[in-house]
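Analysis of the macromolecular model
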Amino acid sequence: MPLGTIDDDYGPPSPELSLLLRLRDSGDEDFNDALSDLGYRLLAADDAPTLLHPDSYLSEAERADPSIAANIVAIDEVCARISFFAEDDQSNLFGYWHGPERTALAAAPIVKFDNEGQFALLQGRGLIEALIGDRVFDDDEAFAEHAQCFQHLGFAVAARNWHELADPDAASDPAQCHEAGYERALPGFQSPR
């Protein structure tokens, strides 16, 4: 799973992602402030988000539980199909869902992996719209304010409020892939009777 970097397996980045990475790598203060005001930061390749390391928050006894062990396997399978680029102040992760169909980076919908271990496709035409929408929901004034801030940085934010966000176009659903992976993995961790 690529973390904060472009994986050549998924092709070139969208213009939005190219701009995001250029601003991140240049240390642009206005960009960092805009992300921080929303409660986000962009990931770097050497980051180690807590959600991707269950050893950091689960005890050995918890990891030995068949249900938890199967869930870890299923989460790893789904995360292997995501290019993660952002984390919020609640340790939720955001990235591009490639799915089993291996959708190219520039066409991949945005997915959220939350701190409850759940996956959800987000509305929006790109990462910035999805992040704004996820944070402010139906607060139209806050949405417009954040959208304008990112537009000043060069990002195309077509939506003016949460209701205008485009629905994700995905051939597969990460939540369903997670559920199927869990069902496949669970028998291997259960003791025969």
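Below is a short write-up of the structure. (Residues numbered from 1 in each chain as written. Predicted model: local features only at pLDDT ≥ 70, side-chain atom pairs only at ≥ 80, totals over all residues. Heavy atoms only, no water.)

Quick word on unusual backbone geometry
Despite not being glycine, S91 has its phi angle at roughly 70°, a positive value. Mapping S91 onto the fold places it in the loop between β2 (82-88) and β3 (93-97). Looking at S91, the relative accessible area reads 28%, which means it is partly exposed. In this model, R102 sits at a positive phi of 60°, which is unusual for a non-glycine residue. (Helix = DSSP H or I, 4+ residues; strand = E, 2+ residues; numbered from the N terminus. Buried < 20%, exposed > 50% of the residue type's maximum accessible area, 1.4 Å probe, protein only.)

Quick word on the packing of helix α4 (residues 66-79) against helix α7 (residues 174-189)
The interhelical angle for the contact between α4 and α7, taken along N-to-C directions, is 135°, at an axis separation of 7 Å. In terms of their interaxial angle, α4 and α7 are classed as oblique. Here α4 and α7 pass one another in a crossing that is right-handed. For the pair α4 and α7, the contacting residues are P66, S67, A69, A70, N71, V73, A74, I75, E77 and V78 in the first and P174, C177, H178, G181, Y182, R184, A185, L186 and F189 in the second. In the contact of α4 with α7, the residues fall into 13 nonpolar, 4 polar and 2 charged. (Axes fitted to C-alpha atoms, helices over the stretch in contact; angles between N-to-C directions. Parallel < 35°, antiparallel > 145°, perpendicular 65-115°, else oblique. Left-handed = near helix turned anticlockwise from the far one by under 90°. Contact = heavy atoms within 4.5 Å. Nonpolar A, V, L, I, M, F, W, Y, C, P; charged D, E, K, R; others polar.)

Remarks on the sheet that holds β3
Pairing within the open sheet is antiparallel, and its 5 strands lie in the order β1-β2-β3-β4-β5. Across the chains shown, the open sheet's two edge strands, defined by having one partner strand only, are β1 (40-42) and β5 (119-121). Each strand of the sheet is rotated relative to its neighbour by a mean of 30°, with strand direction disregarded. Relative to β3, β2 is paired through 5 bridges, and the arrangement is antiparallel. Counterpart to E87 in the pairing with β3 is L93. (Pairing = 2+ DSSP bridges.)

Observations regarding the pairing of β3
With 5 of its 5 residues buried, β3 lies for the most part within the structure. Hairpin connection, β2 to β3: the antiparallel pair is bridged by 4 residues, and S91 has positive phi, about 70°. Bridge count for β3 against strand β4 (residues 110-113) is 4 bridges, and the pairing is antiparallel. Opposite F94, over in β4, you have K112 as the bridge partner.

Description of the pattern of salt bridges
Inspection of every chain in the model, using the stated rule, returns 9 salt bridges. With a closest N to O distance of 2.9 Å, R24 and D25 form a salt bridge. Judged by its relative accessible area of 21%, R24 is partly exposed. For D25, a relative accessible area of 57% corresponds to the exposed category. (Salt bridge = Lys/Arg side-chain N within 4 Å of Asp/Glu carboxyl O.)

Quick look at the nonpolar core
Counting 35 residues, the largest nonpolar core has L20, F31, Y96, L127, I132, F150 and F155 as its most contacted members. Breaking this core down by element, the ones donating at least two residues are α1 (15-26), α2 (29-38), β1, β2, β3, α5 (127-136) and α6 (140-152). For this core, the element with the most residues is α5, which contributes 6 residues. Beyond its immediate sequence surroundings of up to four residues, F150 is in contact with F31, A34, L35, L38, I128, I132, F155 and V157. Counting 15 residues, the second largest nonpolar core, distinct from the first, contains L51, I75, W97 and V111. (Core = buried A, V, L, I, M, F, W, Y, C linked by side-chain atoms within 4.5 Å.)

Let's talk about the pairing of β4
Every second residue of β4 is oriented toward a common face, with I110 and K112 on one face and V111 and F113 on the other, all of them buried. As paired strands, β4 and β5 are joined by 3 bridges and run antiparallel to one another. Opposite F113, over in β5, you have F119 as the bridge partner.

Examining α2
Within α2 the residues assigned to the buried category are F31, A34, L35 and L38. Down the axis of α2, the buried side of the element spans an arc of 95°, and every buried residue falls inside it. When the buried face of α2 is taken as reference, the exposed residues oriented beyond 90 degrees from it are E29 and D37. Where α2 is buried, its residues touch α1, β1, α5 and α6. The N-terminus of α2 is capped by D28, whose side-chain oxygen sits 3.1 Å from the backbone nitrogen of D30. (Arc of directions from axis to C-beta. Polar contact = N/O pair within 3.5 Å; in protein donor to acceptor, adjacent residues only side chain to side chain.)

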